[in-house]
Each structure stands twice: as structure tokens, then as C-alpha cells.
Amino acid sequence: MDSELLAKCRRGDAEAIETLVNEHQAGVYRLCLSILDDPADAQDATQESFAAALKALAGFRGDAAFNTWLFSIAINTCRALLRQRQRRARLHEQLVDPSMPDKESKQSPERSLIEHERSQALWGAISRLDEKHRLTIVLRYYHDLSTQQIAEVLGINVGTVHSRLSAARSQLTGELKRANLGFSQEQEGQP
Amino acid sequence: MSAVSHHQARQWVEQAADGNLKPEQQRLLQQHLAECAACQAFAAELAALEASLRSTLNERWPASGLPTPKKKELIKEMQTQFSHGGGAPWTGLRWLLWLIPLLVILAWIFFQQTTPKPLDAAAIDTATASPSATATSSPTATKTPTALPSFTPTQTVLSLIAIPVQNVNCRAGNSNAFDIEDTLLEAEEYKPNARGFDNLWARFVGPVNQVPCWAYVENLLFTINEEPVELVNVPESLLPFAAYPATPTPTVDEGEGSEASATIAPLSPTPSPTPSATRVPQCSDGRDNDGDGKTDFDPTGRGDPECRNANDDNEAIP
């Protein structure tokens, strides 16, 4: 991130703010959407995240990447939004809804039934993860952040990220197996 | 069989998936996987899970299918927030940048109005208007130091300068009975260092001979910081009073003894405490001092021919 651009944003320069928003808006929106799973809420959260980021811009030292710093703000914003609106329970209900009506029609006709079922089951399993594990999975596999970046965004150490990813993957794999939708037949009897 | 346990190998498979496996661990893991079908299956399962997670999440929130956020509204909102005090901590205090200079200006105006001025404005005005008038008038008792305005030192440095309107003799004392020590040249600037009690003579350091000498003020224009001022209005702190030198003993010329003794009379052997005791120069006193039938200096030439100017104190000797 151009430090000059950030300095201009701190001064309230309209053009600089527009540039900043253009560069990062899509990523922040996707992050908010992946946490809130609601386009309208994600839009609100995106706006709140940018407002919070611009207010806190004076405190940004450049120690972390701007994108990471912005993500951490967006995550906090989304979490606050979830708490404020008591969305967690409602979100949970939405996520476990097996119908997923708006996604159904977008499935590729070439996909095998098993893959389709597995994808639905996986999404259900993701939604049942608790927030900290779900968020770690989303940051890793949807936003393609490294474990180091996830650690910075969430304010935890890298080891914790690893353990959360491992625990989440284990839980997801277990659920798929229980639904007979596992990726392979575990070979029994191995040491 | 490798020395790496299945548990260790599966941990390394996960660390490899997270991109944090060291090269040596990677080498040992590859070695183990080459010999262990179960751990190979675990690694393949993890890879399949990862691929499925990516595809599932991207199907859920496809980048291309995301609704476009209200970018313009977002930007406008950002700018509005900033203009209402958002942003950096100091941006909400921008009004202080205007307030501080305003307060400074108000304080300066207040200070100017409440601080006594070093010189009375009326005196300055009088001085501005009077030099030409006083140049032809006789010194009078009105030029007394009794009405000095109050003077309060300020941060402004005041500079008193005397500018001769013509060449002026600078003598050893306050009459032409004293020798001429130096000459103050017309239009040059000189800094007086004292004045007589009657404000008729000012003392300088002679520009050529570098000795103290006195000049009659009639042909001197005094200024304070380039503002004309009458000597009587100059504060004592700017130009102190000094006693005139004792009048020199008259040298009696045998050929002109009686006349010389009559004309070179001591003016003021000792400074009188009152201006009323000040002697008016003979060429301005309205009397025929030398008995030649001519009186005083007259610029039209009808006065006493021995008078060089109104300041001349000897009607007998040119």
C-alpha cells in the first residue's frame, strides 16, 4: 500500500479515499459475506469496516500489510455486527438449511451426484463449526490467506492457526465420513 | 521402514498443507509416504478435502456473482465521515488551525490598545508639522523638558537620529564661544548621545575628530524610527540630559579688547534649573547688541550683517 495514498486518506482527500476503496472493497466485501453469509449485512459491514479503518488509519504503522490490517478490522466489525444483531443463531439456521435454494440452480449439470451431495454436506459441516474454526477455514480456503496472515488478522499465533485448521479439518472429515461421503476409504488396521 | 511414526507423518502432512513444513521434515515425510500406504491415503484425503473446501466456498460466494456494493455511496459516506470529524485524531480539530491565529491577532490588538505608547501621538504629529516652522523661529522657553511624555519601554527598539538640514557646526560647548570641534554634514544621519537641559543643544561624537561636541538643534531634524519628533518630546530614556561644559575663559584681544569682552559674555556659567534663565542668542533677541544700528539675523539681508543665522550669539563678529 502506497504510504502517500494513506497519508492523503488521513487528510480526507476524496480521490485517495476512492482509490483505497476501489482497491480493497471487493476483498473486504467477500470477507464480510463469508462471515455473515448475507449480502445486505455484508454490504453494511463493508461500509462500517472502511469507516473504522479510515478512523484508525493514523494508528496504522505499516508493520503488517494493509490488506491484513484491513481484514482484521473487517472481522472485528463482522463479529460486532453478529453480536449486535444476535445473528449467530439465525445464521446457523440459515447455514444448516439443506435446501440452499439460491445455489441449487447454479450447480454444474456435469457434476456427479456424489460430488454435489458432498459439497452440500461439506457446507453444512462448515456451518456447524464454531465461529473461530469456521472463520479460520474461510480465511484459509476462501480468501487464500497464509497461516501467518491468518494469525495477524485474528491476532493469534501461528501455532493456534495450525491447531484450529487441523481440528476443523478433522471435524469436517469426520462428518463427511459419517454421512458416507468421505473422500477415501480409510484403511483399517494401520499402526 | 522409516523412523518417522504415522502420527508424526500425518502431522507433517497437515503442516505441509498449511505451508509450514521445514525442508528436512519434508524429506523425511516423503520418505515415509513412499513406504506407507495409509499415510498416503491420509494425505490424499486431506488434499481432496482442501480442494472441496475451496470449491464449496467459492460456489457459495462466487466472486463473479457477488452483488456490487454501493461503491459511490460508500465513498461518499467515507468522505462525509471525515468532514465530520472522522479520520485521524487531529482532523476533527482542524478548526483550531483557524482559531489559534485569530486568538493571536485579538491578543495583539488588545495589547496594542492597553500598552502605553512610547511617544504621544500628538507630539509626533506636532513634530511632523513643525520642523519647517521651527526652523525660522527663535528658540523659546516653550522648549522645556517639563512636559516630557511618559515613556514605557516596549519590545520595539527606538532609534533617535539627528539629520542636519544644512551643515551644522559642532562645538565644544553650547555657544559659539566654544571652539568648533567638528561639522555635522547636511542630510547625514548622526546619533546624539545627550542634550542640554534646555533642549537647545544636542551632544554628539564628532564624525571626524571623534570627540564630544555640541550642535545647536535649530538646524537638526530629529527622528525616532524615521518619525520626525521635536527634541523636547524625546523621552529622557532615549536621550539623557547632560550638563553643558563650563564656558571657556574669554581670550581678550588687545586690539579689540573692549568689544570682545562685551560680546563674548558667558552665557550660562552654570546650568540654570529653569528654562527662563536660558539666554536667547544675540542674533535672535530683538536687540542691537553691538550698537551698529542693525538688529538680529534677517534672512532678507536687512538684519545685522554680522549675524550668520538666528542661532548666532554674537552680533559683533561675523
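Residues numbered from 1 in each chain as written. Chains lettered and ligands numbered in written order. Predicted model: local features only at pLDDT ≥ 70, side-chain atom pairs only at ≥ 80, totals over all residues.

Side note on the sheet that holds strand E7 (residues 220-224) of chain B
Residues and elements named next belong to chain B. Here we have 3 strands laid out as an open sheet, ordered E1-E7-E8, and antiparallel in their pairing. The open sheet is flanked by strand E1 (160-164) and strand E8 (227-228), the only strands paired with a single partner. Note that E1 and E7 share 5 bridges and pair antiparallel. Directly across from Leu160, in E7, lies its bridge partner Ile224. (Pairing = 2+ DSSP bridges. Helix = DSSP H or I, 4+ residues; strand = E, 2+ residues; numbered from the N terminus.)

Focus on the environment of Ala58 of chain A
With respect to the helices and strands, Ala58 of chain A occurs in the loop between helix H3 (39-55) and helix H4 (66-84). In this structure, the C-alpha to C-alpha distance between Ala58 of chain A and Cys9 of chain A, residues 49 residues apart in sequence, is 9.6 Å.

Here we look at the packing of helix H1 (residues 6-17) of chain B against helix H3 (residues 37-60) of chain B
Residues and elements named next belong to chain B. Between H1 and H3, the least distance of the axes is 10 Å, while the angle of their chain directions is 25°. By the criterion of interaxial angle, the relationship of H1 to H3 is roughly parallel. Here H1 runs over H3; the crossing is right-handed. Contact residues: His6, Ala9, Arg10, Val13, Glu14 and Ala17 in H1; Ala38, Cys39, Phe42, Ala43, Leu46 and Glu50 in H3. (Axes fitted to C-alpha atoms, helices over the stretch in contact; angles between N-to-C directions. Parallel < 35°, antiparallel > 145°, perpendicular 65-115°, else oblique. Left-handed = near helix turned anticlockwise from the far one by under 90°. Contact = placed C-beta atoms within 7 Å.)

What to know about the confidence of the model for chain B
All names here are of chain B. Residue-level pLDDT values for chain B average 72, and 65% of them are 70 or greater. Counted against residues more than four places away or in other chains, residues 118-154, with its pLDDT under 50, gives 56 contacts. Contacts of residues 251-277 to residues separated by more than four positions or lying in other chains number 33 contacts, the stretch itself having pLDDT below 50. Scored as a complex, the prediction yields pTM 0.46 and ipTM 0.74. (pLDDT = per-residue confidence, 0-100.)

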